[in-house]
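A structural walkthrough
Each chain, letter by letter, is given below.
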Amino acid sequence: MSVESKKTRQACCSKLKLFLVSLAFVYFAKAFGGSYMKSSITQIERRFDIPSSLIGVIDGSFEMGNLLVIAFVSYFGAKLHRPRLIGIGCLVMAAGSFIVALPHFLQGPYKYETSMSHNTQVNSTENILPCLSNHSLSEKDEVPDVEAMKACEKAVGSSMWIYVFLGNVLRGIGETPIMPLGISYLDDFSKHENTPFYLACIHTTGILGPMFGFMLGSFLAKTYVDIGFVDLDSITINYKDSRWVGAWWLGFILTGVVILLSSIPFFFLPKSLPKQGEEEDGGNKSTELASGPEQESFLPDENEDGEDKEKAVTFKEMAKDFVPSLKRLFRNSIYSMMILTHLVAVNGFIGLITFKPKFMEQIYGQAASKAIFLIGIMNLPAVALGIITGGFVLKRFNLGVIGAARVSITASLGAFSLLTLQGFFHCDNAEVAGLTVAYQGYQQVSYNYSTLLSPCNMGCSCSMKHWDPVCAYNGMTYASPCLAGCQTATGTGKAMLYSAEGTSCSTLDPGCSRKSDCDYKFKIYMALTVAGAFISACGATPGYIVLLRSIQPDLKSLALGMQTLIVRTLGGIPPPIYFGALIDRTCLKWGTKQCGGRGACRLYDSNAFRMTFVGLVTGLYFLANVLWGILYVKIIKRQKKLALRNQAKDNALEGNTQNNGRANISISTNKEEENKESSI
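Description of the structure in this document.

Each value, and the rule that gives it
- Residues numbered from 1 in each chain as written.
- Predicted model: local features only at pLDDT ≥ 70, side-chain atom pairs only at ≥ 80, totals over all residues.
- Heavy atoms only, no water.
- Disulfide = S-S within 2.5 Å.
- Helix = DSSP H or I, 4+ residues; strand = E, 2+ residues; numbered from the N terminus.
- Buried < 20%, exposed > 50% of the residue type's maximum accessible area, 1.4 Å probe, protein only.
- Contact = heavy atoms within 4.5 Å.
- Pairing = 2+ DSSP bridges.
- Phe/Tyr/Trp six-rings, centres within 6.5 Å; stacked < 30°, edge-to-face > 60°.
- Lys NZ or Arg CZ within 6 Å of the ring centre and 35° of its normal.
- Expected span 1.5 Å × (residues − 1).
- Salt bridge = Lys/Arg side-chain N within 4 Å of Asp/Glu carboxyl O.
- Core = buried A, V, L, I, M, F, W, Y, C linked by side-chain atoms within 4.5 Å.
- Domains from an automatic or database assignment.
- Axes fitted to C-alpha atoms, helices over the stretch in contact; angles between N-to-C directions.
- Left-handed = near helix turned anticlockwise from the far one by under 90°.
- Nonpolar A, V, L, I, M, F, W, Y, C, P; charged D, E, K, R; others polar.

1. What to know about the state of the cysteines
The final tally for this structure, using the stated rule, is two disulfides. Across the disulfide, C427 is cross-linked to C518 (sulfur-sulfur distance 1.9 Å). Given an S-S torsion of about 100°, the disulfide between C427 and C518 has right-handed geometry. Note that C427 is positioned in the loop between α18 (401-422) and β1 (470-472) and C518 in helix α19 (residues 516-538), a separation of 91 residues in sequence. C518 carries the same exposure label as C427, and that label is buried. Here C587 is linked by a disulfide to C601, with a sulfur-sulfur distance of 2.0 Å. Negative torsions about the S-S bond denote left-handed disulfides, and the value of about 100° found for C587 with C601 makes this one right-handed. Separated by 14 residues along the polypeptide, C587 in strand β6 (residues 587-592) and C601 in strand β7 (residues 598-604) bring together distant segments of the chain.

2. Let's talk about the side chain of T341
Structurally, T341 is set in helix α16 (residues 333-364). When neighbours within four sequence positions are excluded, T341 is seen to be in contact with A624, L627, W628 and L631.

3. Notes on the pairing of β7
Where burial is concerned, most of β7 is hidden: six out of the seven residues are buried. Two elements, β6 and β7, share four bridges in a ladder whose sense is antiparallel. Residue pairing across strands places C587 opposite Y604, the latter belonging to β7.

4. Describing the packing of aromatic side chains
Per the counting criterion, the structure on display carries 22 aromatic pairs. On the numbers, 6.1 Å between centres and 15° between planes, the contact of F25 with F28 is stacked. Within this pair, F25 and its partner F28 are both found in helix α2 (residues 15-39), separated by three residues, close to a single helical turn. Given a relative accessible area of 16%, F28 falls into the buried group. Aromatic rings pair up to connect F359, Y364, F522, Y525, Y578, F579, Y604, F609 and F613 into one cluster. Taking NZ or CZ as reference, K222 lies 5.3 Å from the ring centre of Y239, over its face. Directly above the aromatic system of F397 lies the positively charged group of R396, at a separation of 5.5 Å from the ring centroid.

5. Examining helix α10 (residues 178-189)
The periodicity of an α-helix, 3.6 residues per turn, causes residues three or four positions apart to be oriented the same way. Its 12 residues give α10 an end-to-end C-alpha distance of 16 Å, which sits within 8% of 16 Å, the value for a rise of 1.5 Å per residue. Within α10, 12 of the 12 residues are buried, which leaves it mostly tucked inside the rest of the structure. Looking at α10, one finds that the buried residues are I178, M179, P180, L181, G182, I183, S184, Y185, L186, D187, D188 and F189.

6. Concerning the pattern of salt bridges
Scanning the entire structure with this criterion turns up seven salt bridges. With a shortest N-O distance of 3.2 Å, E175 and K30 are connected by a salt bridge. In this pair, E175 is assigned in helix α9 (residues 161-175) and K30 in helix α2, connecting sequence segments 145 residues apart. A relative accessible area of 16% means that K30 is categorised as buried.

7. Focus on the nonpolar core
Within the largest apolar cluster, 122 residues are counted, with the highest numbers of intra-cluster contacts made by W248 and F613. No other element matches the 13 residues that α16 contributes to this core. Looking at which domains feed residues into this core, each of domain 1 (13-113 + 156-274) and domain 2 (322-425 + 516-654) supplies at least three. With residues near it in sequence (within four places) discarded, W248 still touches Y36, S40, Q43, I44, R47, F48, V100, A101, P103, H104, V164 and V225. Counting 22 residues, the second largest nonpolar core, distinct from the first, contains L483, A484, C486 and A489.

8. Brief notes about the packing of α2 against helix α11 (residues 195-221)
Here α2 crosses α11 at 35°, and the two axes come no closer than 7 Å. For the crossing formed where α2 meets α11, the hand is right-handed. Looking at the contact of α2 with α11, its residues break down into 16 nonpolar, eight polar and one charged.

9. Quick word on unusual backbone geometry
Backbone phi values are negative for most residues with the exception of glycine, while trans is the configuration of most peptide bonds. In the Ramachandran plot, D49 falls in the positive-phi region, its phi being about 50° despite a non-glycine side chain. Relative to the assigned elements, D49 resides in the loop between α3 (41-47) and α4 (52-77). Overall, the relative accessible area of 12% leaves D49 in the buried class. The phi angle at N398 is positive, at roughly 50°, despite the residue not being glycine. Looking at where N398 falls in the secondary structure, it is placed in the loop between α17 (368-396) and α18.

And the structure:
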């Protein structure tokens, strides 16, 4: 009884399960850090006063880091100590996260754009005059000297975003080994029928990372960037203002610590394991010295003599076999088609998730922090439930490659249908005088900087560059107190009030509320996105199984690595850049940098933004569904060929058995015995 109980305990707490738990935690950690980066995109854009196209380059730098090493890590890493390489990768990721946060400590306090001077006297009661008739317009809007601008930029550290770029590259390099080496290690040493369920568990645990990442992003988006360094009572804006910057840097320190902790277990795991179910029979012969399917035919057993020679020969053999392995891999038409389908779908997904908070902010008038929170609390749990549902369906109905492909394409079509419906529920442009609507009592055909001026503010010599929005009691938002015609200002901080003859406006909100039906439309939009996220996620695990089952066992790590390389290079780097560049074209009002020059966009044309953003995402997902249909036809044809081939072999064996009589009976008996022995 004691021996059996020990065996049971060993089976329950096997090293494979320890690896499974460790891999699930590192998936959580990397997703936690990655989603926090996505949630901080708007804050980083505002802090460094950069356009969406440049923030797209920074966001894509993670994939650039992957591109540098993925092929080598996937191929050569499969022949080395895979768990240890995963641990080293986590250490590199953590270092990258800390470097991303570094600019906050190297540059001075954040000074947001305002038409008023930054008042350090918090309790001051002096009146400020927004309308300055004794200044000329050219004096406020003149182009600064180039040399002075360069000196100013150097002083304020306007190029500090480069640290964020480099840190994100390091994060990408460190993340490289986790997926190809972790999944191939798990698939090599687990039972064939358990792999889908294990993958579903890992990805479901990984989904918790984005939930926590977006919730952390939401919380820190409400926390002022220089908390602990400035008197918050002196800040005249709140978290709903488009100039507000949250404590983005703090999140990267927290995510870096979590990733650092996730690396520890991998340094204590063996290079290889016995196949699941063979622990009791393998005994001492096949413990940590057993080689996995990808390693046993490649690496010779290590002897005490000539160890260095064997290692050198092994590396030469690996290098020599690399190109032929690539040719074998891409001759597989189903694998190549899977890569193309995933590539198109990932283009749409990356563009969607990168700019979705900004979309919700501009189209539905939601604060950036609320948009991030809703994504984390509503969409991501739906994704987690969808992933585990997809894995459960595969295991419950024991679906093969064709069944998995059917589930995946059905989920893709359902998600596309809901995505198309989302475009019909939107709000109108925010009413900003001179930009989206005419000043009351005046007719305007088109809107640009010149239309910001009207008879009610002509005598104020207002700057057209400043973005310091105020909401008037007449329901209109003005680009600045001066452009609203305000003559005086009273109060301090967020309680400051501006007034003019017959008009009074307040800086308590960055803009007036949208129309009442906008909240209703936003609720419908969120319901559609949650349902779409669940349906789309149901096809994730089946799609992954189709990929795994379409490649030769000895090419598994290389195939997963090349998939990661291609999809992340062409599906991860370009979308944030071209999405961002096209979104920039819909900007109505650009901010002004501290040293002059164009900063981040403050207000978009919501209709043009919506058509650009939704149109791009919908078009890409439509193309992905077309490719899924072609892929499904190819899978059906291949399965029919395999069935016919197997049937021909069986018929040939039966014919040989009838012709050869007893001799073949004994041979088949021996073969059956050999098969039984090899399956134990």
